[in-house]
Amino acid sequence: MTKRFLLAIIILLGTLSSKSQVKIQFSRLTDENFIESSLLSELKFTELQLEKTGMIAPDMELKYEDNNYFILDNRFTQCVYRFDEEGALQNTICEKIFGDTINKMVLKNPVKFSVNPFLKQVEIYNFESSNVQRFSYDGNYRDKIKFTINPSDFIRDKDGNYFIYTGWNNKESQFRLLQTDYNGNVTDRKMRLVSKCTPTEGMSFYNAQNGICMWELLGNSTYMIKKGNVTESFNFDFGTKSLLPNYHELEASESYQLINHTGYYTIKKYLENDNFAYFFMNFTSSEDKQMIHVIYDKKTKKTYKLLENAKIAAFEKAQALTENNELVFLVSPRKFRQIFNSEDQTSSPVFSEFAEAISSLRNTVVLRIKLQSIENQENESSKEQVPENND
C-alpha cells in the first residue's frame, strides 16, 4: 500500500466527526423474502391518476414531503409532477426557458431535482447550464443560481446550505462532499478521496427527521449530516466481497474489471427516522444478482436482511420513510400480478387487499408499507443482534 493511498485514507477519516454507530455484518443472508416478512404490519396503496398511460414509470425518482409526492420524469419532459396523497395530479413543474425560443426546437437536457421542505420549494438542476432553478410547490418560478461543479446529487439543509455529492474519481474535485451557501458559492470541502478507480456516481441524499442521510454507491458506510458535521452512522462488513484495500489505486478499467469478476455490493438507498433505518442494496456479479432490503430496528437493535425476487423486481428501493414508519414505494401493477399469480411465491397477509385489487389497476401505484418492531423472537434466522459502538 503506497504512502499516497495511506495519506488519502487519513484525510478521509479526519473529515468524520465520530466512529460508526452501528456495524452490520453481511457474512450470511437470510432466505426470507421481503414480501413475506412479519415486519410488515399495514399496507396502503394509491393508484396515480395520470393524464396518459405510462406518464409515470416505477423507476422514476420520488420524493415525499409535506403530504405530496414529487416525481421527476427523467425520460421525456424532465419535469417534476406533484401528486397529493390521493394520487391526484396537482401541478407540473418544468424549467423556465429564457431567451428567444420562437421557431427553435428546445431540447430537454437531463436534470436532477431536490425538494426543500423548509422553504416549500422544488429545485431543478440542469447539467447543460449548471443552473439550479427554484420553484414554489405550486410551480411558480422564484430564482436561479449556478453551481461550479456538476453534482452527482444535491440537497439543502434547514439553514439554507447546499450539500453537493461529487462521487469517486471526479475530475473536477477530489472532495466527495461540498458545502455551499444560498447562492451556490462553495464554503467548505469535505471527505477528500484520491482515487484512480472507475468514476462512480449515484443518488446520495435523503432528508430525514433529524438530519440528512448520505450514502455512496460502492461505499460500505452511511453518514448523517447535521449542522454541517458529517457523522458515520452505519458501517457494513461485506466480508470477502468488500472492495480490496488497493481499489482506489487501480486504473479505471482495472477496477471495473475487478469488481465485476469478484462481485460487489451497492447501496442504492438509505432512509432513517426515529425508529428504523432502511437500506436497499444490490449484490452483482457475472453470474448472480441479489436485491436486499436491510431494516435496522432501533428499539430492539436487530437487523433484518430480506431478499426480493430480482427477476421480477416488483419493489426495488423504498423512496421514503415517513414519521409513521411507512416505507413508500413506486411500483408497477403488472409486476405484482406476476408475484400474486406465482405458485412459488407467498406473501404477508397485509398484501391481501392489494392482491384482490391488482387486476383492476393499470397506472403506477404508490405503496405505503408500515413497519413494526418485533420482540421476543430471538432465534429467527432473519435476525442478527447488532451491538452499539459506544467508543
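Residues numbered from 1 in each chain as written. Predicted model: local features only at pLDDT ≥ 70, side-chain atom pairs only at ≥ 80, totals over all residues. Heavy atoms only, no water.

Student: What is the right way to read the state of the cysteines from this model?
Tutor: Two cysteines form a disulfide when their sulfur atoms are joined by a covalent bond. For the coordinates displayed, the defined rule picks out one disulfide. The disulfide that involves C79 links it to C94, with 2.0 Å between the sulfurs. With the S-S dihedral at roughly 115°, the linkage between C79 and C94 falls on the right-handed side. Of this pair, C79 sits in the loop between β4 (68-72) and β5 (80-84) while C94 sits in the loop between β6 (89-93) and β7 (111-116), placing them 15 residues apart in sequence. C79 sits in the buried class, given a relative accessible area of 4%. (Disulfide = S-S within 2.5 Å. Helix = DSSP H or I, 4+ residues; strand = E, 2+ residues; numbered from the N terminus. Buried < 20%, exposed > 50% of the residue type's maximum accessible area, 1.4 Å probe, protein only.)

Student: Before we go on, may I ask you to explain the sheet that holds β5 in this structure?
Tutor: Through backbone hydrogen bonds, the strands of a sheet pair up, either in parallel or in antiparallel fashion. Here we have four strands laid out as an open sheet, ordered β3-β4-β5-β6, and antiparallel in their pairing. If you trace the sheet from one side to the other, it starts and ends with β3 (62-65) and β6, each paired once. The mean angle between the axes of side-by-side strands here comes to 20°, regardless of whether they run parallel or antiparallel. Bridge count for β5 against β6 is four bridges, and the pairing is antiparallel. Bridge pairing in β6 links R82 to N91. (Pairing = 2+ DSSP bridges. Axes fitted to C-alpha atoms, helices over the stretch in contact; angles between N-to-C directions.)

Student: What is the right way to read the side chain of S255 from this model?
Tutor: Relative to the assigned elements, S255 resides in helix α2 (residues 252-262). In contact with S255, other than residues within four places in its own chain, are C197, T198, Y247 and L250. (Contact = heavy atoms within 4.5 Å.)

Student: Is there a simple way to think about the pattern of salt bridges in this case?
Tutor: Working definition: two side chains of opposite charge can pair if their charged atoms are close together. As enumerated under the stated definition, the model contains 13 salt bridges in all. Salt-bridge contacts for D188 lead to K190; the nearest nitrogen and oxygen are separated by 2.8 Å. Using a relative accessible area of 29% as the deciding quantity, one classes D188 as partly exposed. By relative accessible area, which is 12% here, K190 ends up buried. Via salt bridges that share partners, K44, E85, E326 and R368 belong to a single interconnected network. (Salt bridge = Lys/Arg side-chain N within 4 Å of Asp/Glu carboxyl O.)

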